[in-house]
Amino acid sequence: MELRAEDFSDNSKSNYILIGNVNTGKSTIFNKLCHKNIKEGNYPGTTVSTSLSPIFGGGNGRFLIDTPGSNTIYAENEDELISKQIILDSKTQYIIFVADAKNLKRSLSLYFHYIEYGLPIILNINMMDEAIARSIDIDVEKLQQILDIEINTSVAIEGGGISSLKKKLGNVKIPESTVKYPEFIRNYLKLGNGILGNLTVSRGILLSSLTDDKLSWEYLKKKCDSNTFSEMENLTAQTKKQTIKEIDLLLVSFYIEEAERVYNEVVRVRPTTKISFMDKLGIWSRNPLTGIPIAMIIIVLMFLFVGRFGAEYLVGLIEGDIFGGIIIPYGEKLCKFVPYEIFSRAIVGEFGLLSVGLGLAIGIVMPVLLTFYFFYGIIESSGYMPRLAILFNNVFRKMGMSGKGVLPLMMGFSCITMAILTTRVLDTTKERNIATFLLILGIPCAPLLSVMLVLLADMPLWSYFFIFGFIASQILLIGYLTNKLFPGKQSEFIMEMVPLRIPRMKSIFINSIRRTYLFLGEAIPIFLLATFIVFFLDEIGGLTVIEDLTKPILSDFVGLPKESVDVFLMSIIRREAGVAVLTQFVEKGIFTNIHVIVNLLLITFLMPCINAILVIVKERGTKVAVGICSFALTYAILIGALVNRFLLFLQKSGII
Amino acid sequence: MNKVFEEILEAIWMCEEQDKNTKEGIREICHAKFEDNILESMQKKELIAFNDSYIYMTGKGKESARGLIRRKRLGEVLLEHVLNIKGDKADRAVCEFEHAVIPEVEESICILLGHPTECPHGNKIPEGTCCIEGKNNIDKKVDCIANLEIGEKIKIAYIKPESHDRLHKLLNLGIKPGTIIDIHQKKPTLIIRCDNCEIAMDSDIANNIYGWRKETLPSQPVGEKDTQPARGYSGGLGRGWGFRWKGKRKRRQVK
């Protein structure tokens, strides 16, 4: 559930907010505490929006809020702002600060930022297992003494330390800041409190007002009258004059200094030369010499698992044996009891609800989707994706993004709608626009990919290479061109590597079942509706009209059989539904291999589902959305025509 | 030497860089006001020669100007890149700098900064003797991390503040003066390691981070060779792309 800051201002609840650096496991803790299932992943920026849920077994209306991680509070990044907004806006709340055990110094430095807001806090040191694996000893008792708050340690991914965290939730405490500010800042704080008088404003707000932080100023404007406000403005201006350094960098350096002091007291790192296999694998996978072969192995494995096992074996089992052998023949028999023939056509006919609608969704999409989500889940939670970002940073540079662009584009193979939300991890508008554009244009999402694989399973091997090679080349080309065309600047690439982890198969498997189930729940009604619309059009003869109308474009220009219009009608509603209808035509033998390839490319390049378009409008604005979609439409048709002619030429020359 | 003389010499040097050492041009950029009588006394000291429209430096004058410009620009680098001080205050400080700094201090600053070749405004910094020696003696040099080899360790001396945003990001990742980092991978993207974390960054960013080389990671002492397994991983995470074959596997002796 996506939330706005206003949702948290209800005073009757006690809200606990999960706060911490990126990739410290906040979402994992959220899931464990609330028995929820929001997205977790082993790469920075998995969470891009907030979630709210009651704590399971927490009693008396305790709610937990998950926030995107950030490394600083003096930032202007959307997702970094949101956690601050929540802290400023609501009243009764507590912070659960999630620290990363293997990098306690950085976590502590952010911790010192946050305690200035004067909220009760509890420190949870997560990923203790990784610290142990790296021979990092943390003296938790000593840390507890120094910071004077309750500390919990956890290995959230295994569920360790969650119940003790739940017990300690009542023991939150407002700690005293030990950060040593210089004279002029101490003076500023004193004077600032004097000006604000009985308006109690936390030191955090006063300090961030010094850094021209918009949120804090808005907060002050709301809280105090215009006199006090302008007095505050004068005070900050005067204070800023007392240093020649930039004040936010100065503040951060105090927090880091204090964090280093505490870190040196409680953490011992034993020297070790032993490096685990996963670490070695992590190193190999980001070096081009070894990394590119590893990437290829992953692609081949994925092809074998999703393409062969999912799209051939499982589909054959469910669609061929169960639907084709049992359900549809029985359905046909049952339909005979109904006197109207039209009813039988509507259920098991050419565009029947059972034979096409349900058959496609459950028989074809479901098995491939399940295998795909499973494989994708392994990649996502292993921490492999940031390594791809390193391998392809230079390629993405040419496409106007930094290596971080790998994250949303890879996500696109799972779900375009989600991926468009993930473009928030990119730093500049230009990069977000390019990523959104490429996602809409050329990335096939998991359901589409599934039906494509099913279709391709019966085609010659070269068609795999042709289709995916063509899609990849188009993404590179269009990325390169948009980089030249789109205004704006490219951000710099700086990213922390996460350690590779052995994925936990059981939870990934459960999660992929859940995702497939959610998908089906959403898609089946639409599949049925789409089938029914096409059936209805077919019955009243509308299909022939539309076929005739689109003939100049589809048949004469692109060179496809006129039946492809059914495919496109379906794919406007859902892309994978279009391909699923295509499989029906292929089985009937109307379409040649070339027609199928051109059709698949057209569908890939055509705009994606309605959801994705709505999300673009929301994230990028109507103008960008209309621009992107109309380009995609024209481009798809042109590409279709070109590829058709090219393949026909190859066929005539006897090459394929 | 007279401070006014020094200001004039500097101004002539800067004008000569742009090939327009006219009197007017020099007057325009010089911090000190001067009339012909001052120029005459400079001429007497054999620092310059001048006519109605142009001013030239003599060999002696050039030598002094070179030192002044060098100190001034080193000062600018020091303030802006290392101390992160910009604006009016920096300008004022630099103005005093060139007149006050003695040669030994100048050399130490130059070594500290890694013998920079350009000032923050992009002008050339005249080479000193330490720069020429420094080229031969890489150990003493402050170097950009982009120039290091895989496995080398460096203690960050300073980060050129190209943008505030970037400094902020680096600071929050713990990359700041004093941090010890080692180079992990150079291509396709530079990866460094600090505080138990690996951080990947563009070469644009790396080009702005300077540091002192630490001794490279200790290599395996010869005597211990036999106690180690015949092959395997060595040298910590800093080594190349992860593994290194250590010698050939010993063949079993057949008796």
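Preceding this paragraph is the structure being described.
Residues numbered from 1 in each chain as written. Chains lettered and ligands numbered in written order. Predicted model: local features only at pLDDT ≥ 70, side-chain atom pairs only at ≥ 80, totals over all residues.

Draft legend 1. Inspection of the overall build of chain A at higher detail. When helices and strands are tallied, chain A shows 29 helices and nine strands. A compact globule built from 656 residues should have a C-alpha radius of gyration of about 26 Å, and chain A, at 28 Å, falls within 12% of that. Buried residues in chain A amount to 46% of all 656 residues. Long-range pairs, those at least 24 residues apart, make up 75% of the contacts in chain A between residues at least 6 apart in sequence. (Helix = DSSP H or I, 4+ residues; strand = E, 2+ residues; numbered from the N terminus. Rg over C-alpha atoms; globule rule 2.2 N^0.38 Å. Buried ≥ 20, exposed ≤ 12 C-beta atoms within 10 Å, placed from the backbone. Contact = placed C-beta atoms within 7 Å.)

Draft legend 2. Expanded view of the interface of chain A and chain B. Each side of the interface is counted separately: chain A has 36 residues, and chain B has 33 residues. Listed by contribution, the elements that provide at least two residues to the side of chain A that touches chain B are α3 (104-115), α11 (247-266), α12 (277-285), α13 (288-335), α16 (385-391), α17 (393-398) and β9 (494-497) of chain A. Residue composition of the side of chain A that touches chain B, grouped by class: 15 nonpolar, ten polar and eleven charged. Direction of pairing for β9(A) relative to strand β7 (residues 197-201) of chain B: antiparallel, over a ladder of four bridges. Bridging across to β7(B), A:Glu496 finds its partner in B:Ile199. (Nonpolar A, V, L, I, M, F, W, Y, C, P; charged D, E, K, R; others polar. Pairing = 2+ DSSP bridges.)

Draft legend 3. Highlighting the sheet that holds strand β2 (residues 51-54) of chain A. All names here are of chain A. Read from one edge of the open sheet, six strands run β2-β3-β1-β4-β5-β7, paired in mixed fashion. The open sheet is flanked by β2 and β7 (151-153), the only strands paired with a single partner. Mean inter-strand twist for the sheet, computed between neighbouring axes without regard to direction, equals 25 degrees. Packed onto the sheet, helix α1 (residues 26-34) meets β1 (14-20), β2, β3 (62-66), β4 (93-100) and β5 (121-126) and runs at close to 155 degrees relative to β3. Lying on the sheet, α3 is in contact with β1, β4 and β5; it crosses β4 at an angle near 160 degrees. (Axes fitted to C-alpha atoms, helices over the stretch in contact; angles between N-to-C directions.)

Draft legend 4. A look at the pairing of strand β4 (residues 153-159) of chain B. All names here are of chain B. Looking at chain direction, β4 and strand β5 (residues 180-185) are connected through three bridges and run antiparallel. Of the residues in β5, the one forming a bridge with Lys-153 is Asp-182. Two strands pair when backbone bridges link them, and β4 and strand β8 (residues 209-213) are joined in this way by five bridges, in the antiparallel orientation. Bridge assignment links Lys-155 to a residue of β8, and that residue is Trp-212.

Draft legend 5. Region of interest: the packing of helix α4 (residues 59-82) of chain B against helix α5 (residues 88-100) of chain B. Residues and elements named next belong to chain B. With their axes 8 Å apart at the nearest point, α4 and α5 run at an angle of 145 degrees to one another. Between α4 and α5 the crossing geometry is right-handed. For the pair α4 and α5, contact is made by Leu-68, Arg-71, Lys-72, Gly-75, Glu-76, Leu-79 and Glu-80 and by Ala-90, Ala-93, Val-94, Phe-97 and Glu-98, respectively. Across the contact of α4 with α5, the residue classes break down as six nonpolar, one polar and five charged. (Left-handed = near helix turned anticlockwise from the far one by under 90°.)

Draft legend 6. Quick peek at helix α15 (residues 353-382) of chain A. Residues and elements named next belong to chain A. The end-to-end C-alpha distance of α15 is 40 Å, a good match for the 44 Å that 30 residues give at a rise of 1.5 Å each. When the local axis directions of α15 are compared, the greatest deviation, roughly 50 degrees, occurs at Gly-359. Of the residues one or two after α15, Gly-383 is the one with positive phi, at around 85 degrees. (Expected span 1.5 Å × (residues − 1). Bend = angle between axes of the 7 residues up to and from the residue.)

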